[in-house]
Every structure is written in structure tokens, then in C-alpha cells.
Amino acid sequence: MPAVRQPGTPAPSNDRLRLSRRQRLTHARQFQAVHDARMRRAVGPITASAIPNDQPFHRLGLAVSKRVGSSVKRNRAKRILREAFRTLQHNLATIDSTHADDDAAPIHLDIILSAKTSTLTLDEAKDALHDAIRHLARQWAKRLSKESMRDATRADSRDGPSP
């Protein structure tokens, strides 16, 4: 028998931790763009690759090789990685803004996760995911700031010397 909600109590909010289709990388060109950026971090039993996106949320792609094991083991690894991302997705969104300027908008990422082993636990996956995304967000912030500084220098040199 389902639990009866008392009048006046708010409905449980499960929307917050959902992983909708919009939050997933679904096309080969999306996976290729992330891999082409060559920004990767291996932490414990997972490898994470990432690239900034223009969405107001992180997006997830999974790539689990046959080296992990049979389809049962690969699917279990994918379920664990998906659950780790689902439960941490809102905490990850705050990581990428800690290194940026105070007035800068947070940078959200397209993330591809790969499992190295089938003996992955949820706690290991959460810890590794958190560390990997923090590192990748920091690396992307450095790369983007270097590019913006380089662009500003080019613009100054095109303008010529100021009188």
C-alpha cells in the first residue's frame, strides 16, 4: 500500500535528480567533439573526457569497452556511472564556477565517462567522477582564459600603437 501524503506537505521532488535525454550525449558527432578536444583525466577506475557546452547543465556520455567484460558486466558498469552522475550532477555544476571570476557564468561540460573495470562500486565512481570533473573544469578554465588573453592581444596588435 503506497504511503499517504498528509495534507499541506509538499510533494516529493524527484525531478531534481533525473537524467533526461537532453542531459545525455546521443550522437557520434558529440562523442567525437569531446574526444577531439583531447582533455582527459583518469582517476581510479574511470576515465573522463570533457568539453564545454552551451547548455545550462552538464551532459553525459558513456563509453564502456568490451575489455571490461561480458555485456552483463558492461551494463552494470554503465548503470553505476549513470547513477554516480545522476546523484552528483547538481554538485558538479558548482565545481566549475569556483575557479572562474565572480561575475563569470559557470561553464557546463559535455562529459564522457569510461570504466576501466567491472568491479566498480558506486562510492568509487562518485569520488572519481567528482575529482575528474573538478580537474577538467579547472583545465578548461585555464585553456579558455589563455585563448581569451591571446585574442585580446591579437586585437590590440591589429589596432596598432595608441597615440
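Definitions and cut-offs
Residues numbered from 1 in each chain as written. Predicted model: local features only at pLDDT ≥ 70, side-chain atom pairs only at ≥ 80, totals over all residues. Heavy atoms only, no water. Buried < 20%, exposed > 50% of the residue type's maximum accessible area, 1.4 Å probe, protein only. Helix = DSSP H or I, 4+ residues; strand = E, 2+ residues; numbered from the N terminus. Pairing = 2+ DSSP bridges. Contact = heavy atoms within 4.5 Å. Polar contact = N/O pair within 3.5 Å; in protein donor to acceptor, adjacent residues only side chain to side chain. Arc of directions from axis to C-beta. Core = buried A, V, L, I, M, F, W, Y, C linked by side-chain atoms within 4.5 Å. Axes fitted to C-alpha atoms, helices over the stretch in contact; angles between N-to-C directions.

Structural notes on the pairing of strand β3 (residues 59-62)
As a general feature of sheets, a regular strand has side chains that alternate between the two faces. Here β3 shows no split at all, with R59 and G61 on one side and L60 and L62 on the other all buried. Summarising the sheet, β3 and strand β4 (residues 108-115) pair through 4 bridges and their orientation is parallel. By the bridge assignment for β4, R59 is matched with D110.

With respect to the environment of L92
Relative to the elements of secondary structure, L92 occurs in helix α2 (residues 71-95). With 38 residues separating them in the primary sequence, L92 and H130 have C-alpha atoms 7.0 Å apart. Beyond its immediate chain neighbours, meaning those up to four positions away, L92 contacts H58, F85, L129, H130 and I133.

Some points on the side chain of D110
With respect to the element layout, D110 can be found in strand β4. A distance of 2.7 Å separates the side chain of D110 from the side chain of N53, its partner in a polar contact. Not counting residues within four places of it along the chain, the set of residues in contact with D110 comprises L25, V34, S49, A50, I51, N53 and R59.

Thoughts on helix α1 (residues 28-36)
Listed as buried for α1 are Q30, F31 and V34. Projected down its long axis, α1 carries its buried residues within an arc of 100°, all on one side. For α1, the exposed residues set more than 90 degrees away from the buried face come down to A28 and R29. Elements that come into contact with the buried residues of α1 comprise β2 (46-53), β3 and β4. The first or second residue beyond α1 is R38, which carries a positive phi of 55°.

With respect to the nonpolar core
Membership of the largest hydrophobic core comes to 36 residues, with the highest contact counts inside it found for L81, L113 and L129. Broken down by secondary-structure element, the contributors of at least two residues to this core are α1, β2, β3, α2, β4 and α3 (122-159). Looking at this core element by element, the count peaks at 8 residues for α3. Not counting residues up to four positions away in its chain, the partners in contact with L129 are I46, A84, F85, L88, L92 and L113.

Some points on the sheet that holds β2
One open sheet holds the 4 strands; their spatial order is β1-β2-β4-β3, and the pairing between them is mixed. Across the chains shown, the open sheet's two edge strands, defined by having one partner strand only, are β1 (40-43) and β3. Ignoring which end each strand starts from, the neighbouring axes of this sheet average 25° apart. Direction of pairing for β1 relative to β2: antiparallel, over a ladder of 4 bridges. Residue pairing in the sheet places R40 in a bridge with S49 of β2.

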